[in-house]
Amino acid sequence: MTAIVFEGEPITLDEGETVLDGLLRLGHSIPHGCRSGVCQSCLLSATEIDKVANAQTGLSEAQKQLNFFLGCQCLPTEAMTVARVDADVSRIKATVMEKTQLNDQVWRLRLTADLDYRPGQYVTLWRDENLARSYSLASTHEQPWLEFHIRHYPEGEFSSWLVESLSKDDTLELNGPLGQFFYTAQSEDPMLMIAMGTGLAPIWGIVNEALMKQHRGPIEVVVGAKQAKDFYYREELGALQAQFDNLQVHWLSLDSDSPETANLYDYCQSNFSQLSDHKVYLCGGTSFVKKLRRYAFMAGASMRDIYADTFIAFGGEPG
Amino acid sequence: MSIYEKIGGEAAVDAAVDIFYRKVLADDRINEFFDTVDMESQHTKQKAFLTMAFGGPNSYTGKDMREAHKNMKLTEDHFNAVAENLVATLQDLNVGQEEIDAIIAVCLTVKDDVLNV
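Being a predicted model, the structure only gives us computed values, none of them experimental.

On to the overall build of chain A. When helices and strands are tallied, chain A shows seven helices and 16 strands. Scaling as 2.2 N^0.38, a compact globule of 319 residues should have a C-alpha radius of gyration of about 20 Å, and chain A matches this with 21 Å. Partitioning the contacts of chain A with sequence separation of at least 6, the portion at a separation of at least 24 is 66%. Surface summary for chain A: the accessible area is close to 14,400 Å², and the carbon and sulfur share equals 47%. Across chain A, 26 positive and 42 negative side-chain charges occur, with their mean positions spaced 3 Å apart.

In C-alpha cells form, the structure reads like this:
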C-alpha cells in the first residue's frame, strides 16, 4: 500500500494498483482510454519528477519537463503528490508596470507578479469575475516583469478595456502558467519558428531563452502579417540577429512587393523543405497552425517535435 | 517473443508512426478522411494502432475500431490502401517479410470492424 496526495486529498493505493486505477476507484473523474501507456488520455502531473520517470515513456520533452506522467503506467512505491494537468486555477495579483503601443493594433503590457513560468507558456488575465482572456508570455526570467503582446480588437471587450481603461499601477488577477509551448531543444538542434501577428509573443520569449541558454543550432524565425505596417519588434529582432550568427529572421507580409515573400506557406515550403531533426514552433490562428503543422510534418519534422500554440476565441468572442 | 519485441518495441513504433502517417497523408486514395481531424490526436491513435498491429501492449477492442470508423463509409479499397502504406513503412524500416505478414494478419482481424460490416 502506498499513500499519495491527489490535489490535497490523501489517497491510499492498493498493492499493485496504478495511480489511475486508484483515482477511478475513489470516484475521481480522470480521462482515460487504453490503460497501456499508449493513448495518453490519463495524463497527470507530479510534484517530484524522479518518482514518475518510468511512467513518462512516449511523452514529449515539454511534458516530461512539466513532470507530466501517465496515470495508468504509474505504480508508486513511495509517497508522492499528484494533480490533474493544468489543474491550477488559483489566481495571483499582478500590477501594471508599463503599457506601450507597438503599432496600430498591438500593445505591449508589462506586469509585475510572482510567477514561475517558462517563456512561451500562457496565462489567463482577468478583468473581473466575468471577463478573462489568455495571453502568451513574451518575457524571460532575466526580466523583472511579465510581458504580453495584446492585439486590440475594437469589438473585443477585454482588449478594449485594456487599451482604454487599464493604466500603470492598476492591479488585475491572473492564473497559470499553462501550456507546453516553450524551449526544450538540445543546443545543436535546428529550430524553425513561425509566427503570425501577435503569435510572435511566445516565440520572442522562446528565442530569447534559447539564445540565453547558448543554443548553437540554427534558429530560423518567420514572422507573417497581412500588411508590413502590422509588424512590430523589427528593431529588437534585428538587434538580436546582428548579435547572434545562428539567428535568421524572415519578415513576410501579404502586401509585399516581392511575390516571393507574399505567401508564408509557399515561402516556408521552398526555403525550409527538409525539417527532419528540427524543432518546430508554430503560433497563430487555428487554420494557420493547422496548415503549417501539416507542412512541417510532411517536410520531415517528427510529430513530437512540432510545438503549436493556437489563439483561442473565448466563447467565440473577439479578444 | 512477440513481433513487437522482435522489431524493437516502443522505439520501433515511434520510428514507424511518423513514416506511416506521412504516407497516409500523402495518399490521395485516403487522405481526405484525415483533412478535418486533429493531427496530434490522430498521431497518438496511429501509434496505438501500430502498437496493436505489432502485437504490443494494448487494449484496443473491435468495438473501439467499429465506433471510431462509424459512418465513414469505408470500402475494401480504403482498407487495402492503409495496409499498403503499412507494408511500405515496414519495408522502409527493413522489417522482414515474415514479420510483415504476421503484422498484416493482425490488421485483417479488425477489418470487419473498421469497415463496419
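Pairing between side chains becomes possible if they bear opposite charge and their charged atoms approach one another. All names here are of chain A. Enumeration over the complete set of coordinates arrives at 30 salt bridges over all chains. For R25, the salt bridge goes to D14, with nearest N and O atoms at 3.7 Å. Of the two residues, R25 sits in helix α1 (residues 19-25) while D14 sits in the loop between β2 (9-13) and α1, which places them eleven residues apart along the sequence. E98 is the salt-bridge partner of R108, the closest N and O atoms lying 2.9 Å from each other. Taken as a pair, R108 in strand β7 (residues 106-112) and E98 in strand β6 (residues 92-101) lie far apart in primary sequence, ten residues in all. Judged by its relative accessible area of 12%, R108 falls in the buried class. What emerges from the salt-bridge pattern is a single network uniting E98, R108, R110 and E147.

This part takes up the environment of D128 of chain A. Residues and elements named next belong to chain A. Within the secondary structure, D128 sits in strand β8 (residues 122-128). Residues D128 and E173, 45 residues apart in the sequence, show an inter-C-alpha distance of 8.0 Å. A polar contact is formed between the side chain of D128 and the side chain of R127, at a distance of 2.8 Å. Within the local environment of D128, its side chain forms a polar contact with the backbone nitrogen of L131, the two atoms lying 3.1 Å apart.

We now examine the domain arrangement of chain A. Residue and element names in this part refer to chain A. For chain A, the domain assignment lists domain 1 (2-84), domain 2 (92-178) and domain 3 (191-310). Relative placement of domain 2 and domain 3: their C-alpha centres are 23 Å apart. Taken together, the contact pairs 19 residues of domain 2 with 16 residues of domain 3. A buried area of about 1,400 Å², summed over both sides, lies between domain 2 and domain 3, and 54% of it is on carbon and sulfur atoms.

For the rest of this paragraph, the subject is the side chain of Q56 of chain A. Note on placement: Q56 of chain A falls in the loop between β3 (43-46) and α2 (61-65). A polar atom in the side chain of Q56 of chain A sits 2.7 Å from the backbone oxygen of F68 of chain A.

Take the interface of chain A and chain B next. On the chain B side, the residues contacting the 18 residues of chain A number 21 residues. Here chain A packs against chain B, burying approximately 1,600 Å² in sum over the two surfaces, 55% of which is carbon and sulfur. Three residues stand out in chain A for area buried against chain B, namely V38, R294 and F297 of chain A, and they jointly supply 35% of the buried area on that side. Remark: the boundary between chain A and chain B carries three salt bridges. A salt bridge links E40 of chain B to R293 of chain A, with the shortest nitrogen-to-oxygen separation between them at 3.7 Å. Between chain A and chain B we count nine residue pairs in polar contact (both at pLDDT 80 or more) in total. Considered class by class, the residues forming the side of chain A that touches chain B number seven nonpolar, six polar and five charged.

Two numbers describe a pair of aromatic rings. These are the distance of the centres and the angle of the planes. Considering all chains together, one arrives at twelve aromatic pairs over all chains under this definition. Between the aromatic rings of Y281 of chain A and Y307 of chain A, the centroid separation amounts to 5.0 Å while the plane-to-plane angle is 10 degrees, which identifies the pairing as stacked. Within this pair, whereas Y281 of chain A is found in strand β15 (residues 279-284), its partner Y307 of chain A is found in strand β16 (residues 306-310), the two being separated by 26 residues in sequence. For the pair shown, Y281 of chain A and Y307 of chain A are each scored as buried. Plain terms: the ring middles of F297 of chain A and Y21 of chain B are 5.4 Å apart, the flat faces sit at 50 degrees to each other, and that makes the pair tilted.

Let's shift gears to the sheet that holds strand β5 (residues 80-84) of chain A. Residues and elements named next belong to chain A. Reading across the sheet, the five strands line up as β2-β1-β5-β3-β4 and stay open at both edges, with mixed pairing between neighbours. One side of each edge strand has no neighbouring strand; the edge strands of this open sheet are β2 and β4 (68-70). Neighbouring strand axes in the sheet, compared pairwise and without regard to direction, differ in orientation by 40 degrees on average. Pairing of β3 with β4 involves three bridges; the strand directions are antiparallel. The residue of β4 that forms the bridge with L43 is L70.

Calculation rules
- Residues numbered from 1 in each chain as written.
- Chains lettered and ligands numbered in written order.
- Predicted model: local features only at pLDDT ≥ 70, side-chain atom pairs only at ≥ 80, totals over all residues.
- Heavy atoms only, no water.
- Helix = DSSP H or I, 4+ residues; strand = E, 2+ residues; numbered from the N terminus.
- Rg over C-alpha atoms; globule rule 2.2 N^0.38 Å.
- Contact = heavy atoms within 4.5 Å.
- Areas by Shrake-Rupley, 256 points an atom, 1.4 Å probe, with all protein chains shown as cover.
- Lys, Arg positive; Asp, Glu negative; His and termini not counted.
- Charge placed at Lys NZ, Arg CZ, Asp CG, Glu CD.
- Salt bridge = Lys/Arg side-chain N within 4 Å of Asp/Glu carboxyl O.
- Buried < 20%, exposed > 50% of the residue type's maximum accessible area, 1.4 Å probe, protein only.
- Polar contact = N/O pair within 3.5 Å; in protein donor to acceptor, adjacent residues only side chain to side chain.
- Domains from an automatic or database assignment.
- Buried area = accessible area lost by both parts, 1.4 Å probe.
- Nonpolar A, V, L, I, M, F, W, Y, C, P; charged D, E, K, R; others polar.
- Phe/Tyr/Trp six-rings, centres within 6.5 Å; stacked < 30°, edge-to-face > 60°.
- Pairing = 2+ DSSP bridges.
- Axes fitted to C-alpha atoms, helices over the stretch in contact; angles between N-to-C directions.

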